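# A look at the structure
Residues per chain, in single letters:
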Amino acid sequence: MSESVHPVPEDFNARIGARELDELNDLANADPDRFWLDQARRLTWNKFPTKAGDWSFKEDDFHIQWFADGELNLSVNCLDRHLAEHGDRTALIFEADEPGEGHRWTYRQLYEETCRFANLLKSRGVAKGDRVMIYMPMIPEAAAAMLACARIGAIHSVVFGGFSPDSLAGRIADCDACAVITADEGVRGGKKIPLKRNVDTALETRDVPTVIVVARTGAEVAMKDGRDIRYADVREGLSTECNPEIMRAEDPLFILYTSGSTGKPKGVVHTTGGYATWAATTFDWIFDYRLDDIFWCTADIGWITGHSYVVYGPLANRATSVMFDGVPNYPDFGRFWETVDRLGVTIFYTAPTAIRALMREGDEPVKRHSRKSIRLLGTVGEPINPEAWEWYWRVVGDGRCPVVDTWWQTETGGILISPFPGATEMKPGSATKPLPGIHPLLVDAAHRVLEGPASGNLCLSGSWPGQMRTVWNDHFRFFETYFKTYSGLYFTGDGCRRDEDGYYWITGRVDDVINVSGHRIGTAEVESSLVSHPKVAEAAVVGFPHDIKGQAIYAYVTLNAGEEGGDELRKELVQEVRHDIGALAAPEKIHFTLALPKTRSGKIMRRILRKIAEGATDGFGDTSTLADPSVVEALLAGRQ
Ligand code: 6R9
């Protein structure tokens, strides 16, 4: 395919142009310590660090620390320090599911609400280092709850409202949470989500001392005496001042669970100083933020994108950030652009899956709205196909707004590979180049580092402030997952091509992670849910290309002797996965088969299963190691 190149639009006057970017890169290479300490200066520290990074990815000396002797509080950085001059500035614009039914919170209001939540948590005995689950809709109180945890040094763990009670229970157990903050119900696309009821179900297996319930719809919900508190009942009595806990830079800030290639979701741990520096820095660099901007990142706070670019990055830069509690197609496919016009959004950041879904509806729902306030567009979460990129650029941005395709991960805390909107020529489909101080490498199967134009596995050869520090309760797993495959390197799990201009093209996961609509799903989790059904003997799950979702889930299932597969059982199995994990992990296709392709040593050959799910009829490579090569024919015949 021919690659097109888009120069930086001429009248896009960014603070960082090509020359400034060169300077940043030069400094990052010449004096990394000074460079990173300079970035840390964006924050207000109680004690400014004397040293930037201290890390080694080597097994015998494995450690990662940033700004280790520094001390600060992140809620102070997002709130207190802005109050004197910007207290009346809008911090959050809540955009509800019903267009226009939202409201705004100024920095002062967010500060006061944060302090109230912090005092409430303290009154319930929650202290520094304790874990607090947040299972909430996209309402300003959710941001206040996160900031309140940061204020008192509690470690928050936000769980996306689309996850099932079982998933929530698993996370509560894993991090031994002492409180849950939730809402009565959520509302998305006109449909109610019974958040409090889900919490009650989750807590049947493992209770916690405190549940705080914020009113979103005002629905009647069950309340357990002594445990559950209606926020509205106590709010007036809570002080709007709360002394911040001074944290060491390496004190944990939050845990966010994410799917890996094996076992249950991992609790990705981010710490205070490095994460805050990285969220604040990347927000400023990549979104070219100006004081009068209205920034809208459509992600949910249940994902890392919501942490870094709805809450912490924008607020640390005293930006105005939109919290959207709806979906792109409600009430109709023009929702994003109607909202952009009504709120005057200037920077818009969303996922390729949303762009593809909107593109399918044609240009009219976009053109119906002016969008003239937008000056910068961004994408995140999965590779964007050049066709969708071009549509976003041409139709949504009218060919005048840079598009930043930002590559990063839960593990990286913030953006690592992306254009600088005022400095980098764009190639549709490429996340372009690493940020200053970031050192990607491509490695082949034989562990050779590849030079020049090449395709391989994407690794990073050094640390950066926003890097995750550990897997909660499992430091061994942290090392094994990310640093063992390629000695001395952080392995991202992504495949990637680098072209002759040094541009990076992420090709997708090379491990057993499926990226469905930008959401990471571990094949092992779906398989273990499927096999928990009494009729199922074995299951193997792979991803296959999907026009809108990017990838969807294809499940191969073998049944116990005497059981018969059919549509009824398909429905039951989908239900099982929705129950165990959540609707986002529901298989698109279920293929009943008598056998799975296995090697003589019993390993499932996923390569073959992927090919068949993709629709291939040949090109299965070497099948001679299969215990029974005739399985392939049978699978082809039964393809869904
Ligand atoms: C931020 C986020 C991480 C995985 C990552 C990669 C994919 C994210 C991308 C992208 C191509 C981009 N990914 N951004 N692939 N181009 N711009 O999404 O974090 O949920 O942890 O997912 O998403 O495969 O490894 P997370």
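Residues numbered from 1 in each chain as written. Predicted model: local features only at pLDDT ≥ 70, side-chain atom pairs only at ≥ 80, totals over all residues. Heavy atoms only, no water.

### As for the overall build of the protein chain
The line we're drawing: Numbered from the N terminus, helices here are DSSP runs of H or I no shorter than four residues, and strands are runs of E no shorter than two. C-alpha atoms define the radius of gyration in this analysis, and the globule rule sets the expected value at 2.2 Å times the number of residues to the power 0.38. In this scheme, a residue with accessible area under 20% of its type's maximum is buried, one over 50% is exposed, and one in between is partly exposed, where area comes from a 1.4 Å probe on protein chains only. Any two residues whose heavy atoms approach within 4.5 Å at even a single point are treated as in contact. Shrake-Rupley sampling with a 1.4 Å probe provides the accessible areas, and residues are treated as covered by the protein chains on show and by no other component.
Regarding its fold elements, the protein chain presents 19 helices and 31 strands. Its C-alpha atoms give the protein chain a radius of gyration of 24 Å, within 12% of the compact-globule value 26 Å for 640 residues. For the protein chain, the spread of C-alpha atoms along the three principal axes comes to 75 × 60 × 60 Å. By residue count, 60% of the 640 residues in the protein chain fall in the buried class. Put simply, of all contacts in the protein chain between residues at least 6 apart along the chain, 72% involve residues at least 24 apart. By element, 48% of the accessible surface of the protein chain is carried by carbon and sulfur atoms, the whole surface being about 24,000 Å².

### Quick look at the packing of aromatic side chains
In plain terms, the rule: Aromatic pairs are defined between Phe, Tyr and Trp rings, using the six-membered ring for Trp, whenever the two ring centres lie within 6.5 Å; interplanar angles under 30 degrees are classed as stacked, those over 60 as edge-to-face, and all others as tilted. The rule for a charge over a ring is simple: NZ of Lys or CZ of Arg within 6 Å of the ring centre, and within 35 degrees of the ring normal.
Across all of its chains, the model carries 46 aromatic pairs by this definition. When the ring of F160 is compared with that of W303, the centres are 4.8 Å apart and the planes differ by 35°; the resulting orientation is tilted. One end of the pair, F160, is in the loop between β7 (155-158) and α6 (165-175); the other, W303, is in the loop between β16 (294-297) and α10 (304-316), and 143 residues separate them in sequence. This pair shows no difference in class: F160 is buried, exactly as W303 is. Members of the aromatic cluster, connected to one another through ring pairs, are F35, W36, W45, F48, W66, F67, W278, W285 and F420. Across from the ring centre of Y503, 4.6 Å away, lies the NZ or CZ of K427, which sits over that ring. Above the face of the W505 ring, R497 is positioned so that its terminal group lies 4.9 Å from the ring centre.

### Observations regarding the site of the ligand
The condition is simple: A molecule or strand has a residue near it when one of that residue's heavy atoms lies within 4 Å. Pairing of N or O atoms within 3.5 Å defines a polar contact, subject to two protein rules: one partner must be a possible hydrogen donor and the other a possible acceptor, and residues neighboring in sequence count only if both atoms are side-chain atoms. The classification used treats Ala, Val, Leu, Ile, Met, Phe, Trp, Tyr, Cys and Pro as nonpolar, Asp, Glu, Lys and Arg as charged, and all other residues, Gly among them, as polar.
Close contacts around the ligand come from 17 residues, with D405, T406, T410, D494 and R520 the closest. Note that a nitrogen atom of the ligand is positioned 2.8 Å from one of the backbone N or O atoms of T406. Among the elements of the structure, α10 and β26 (504-509) are those that each provide at least two residues to the shell around the ligand. Grouping the amino acids of the shell around the ligand by side-chain chemistry returns six nonpolar, six polar and five charged.

### Regarding the sheet that holds strand β5 (residues 103-106)
So the rule is basically this: Whether two strands pair depends on DSSP finding at least two bridges between them. Note on method: axes are straight lines fitted to C-alpha atoms, helices fitted across the in-contact stretch only, with angles between N-to-C directions ranging 0 to 180 degrees.
Strand order across the open sheet formed by seven strands is β5-β4-β17-β16-β18-β19-β20, with mixed pairing between neighbours. Since the sheet does not close on itself, it has two edges, and those belong to β5 and β20 (403-405), each with one partner. Direction aside, the axes of adjacent strands within the sheet are offset by 20° on average. In this structure, strand β18 (residues 347-350) lies alongside strand β19 (residues 376-379), joined through four bridges in parallel fashion. Across the sheet, F348 pairs through a bridge with L377, a residue of β19. Each of β4 (90-95), β5, β16, β17 (320-324) and β18 touches helix α11 (residues 335-343); the most contacted strand, β4, lies at about 145° to it.

### Here's the deal with the pattern of salt bridges
For clarity, the cut-off: One speaks of a salt bridge when a side-chain nitrogen belonging to Lys or Arg is within 4 Å of a carboxyl oxygen belonging to Asp or Glu.
Taken as a whole and assessed by the stated rule, the structure comprises 48 salt bridges. Here R290 ties to D288 by a salt bridge, and the two come within 3.1 Å at their closest N and O atoms. With relative accessibility at 27%, the residue R290 sits in the partly exposed group. By sharing partners, the salt bridges in this structure join K196, D200, D207, K224, R227 and D228 into a single network.

### Details of empty space enclosed by the protein
Heads up, the condition is: Definitions used throughout: a 1 Å grid over protein atoms alone; a cavity as a set of points that fits a 1.4 Å probe which cannot get out; a pocket as an open set with protein on both sides within 12 Å along at least five of seven lines; a lining residue as one with an atom within 4 Å of a point. Grid points are joined across faces, edges and corners, and a volume is the space filled by probe spheres set on the points.
The tally for this structure, following the rule as stated, stands at two cavities of 30 Å³ or more. Put simply, the largest cavity is a space of about 40 Å³. Where the lining of the largest cavity is concerned, the elements lending two or more residues are α5 (140-152) and β14 (252-258). Tallied by class, the residues present in the lining of the largest cavity amount to seven nonpolar, two polar and no charged.

### Some thoughts on the sheet that holds strand β22 (residues 449-450)
Judged by pairing direction, the sheet is antiparallel, and its five strands sit side by side in the order β22-β21-β23-β25-β26 without closing on themselves. Taken across any chain shown, the strands that pair with only one partner, and hence form the sheet edges, are β22 and β26. When strand β21 (residues 440-443) meets β22, the two strands line up antiparallel, connected through two bridges. Along β22, the bridge assignment pairs L442 with L450.

### Overview of the UniProt feature "binding site: ATP" (unreviewed entry) in the protein chain
Counted only if it meets this: UniProt positions are given in the numbering used here, feature names are shortened, and annotations may be inferred rather than shown by experiment.
Per the UniProt entry, the sites bearing "binding site: ATP" (unreviewed entry) are G381, E382, P383, D405, T406, W407, W408, Q409, T410, D494, R509 and R520 in this numbering. Its place among the elements puts E382 in the loop between β19 and α14 (386-396). Beyond its immediate sequence surroundings of up to four residues, E382 is in contact with P352, T353, R356, N515, S517, G518, K549 and G550. Separated by 2.9 Å, the side chains of E382 and R356 make a polar contact.

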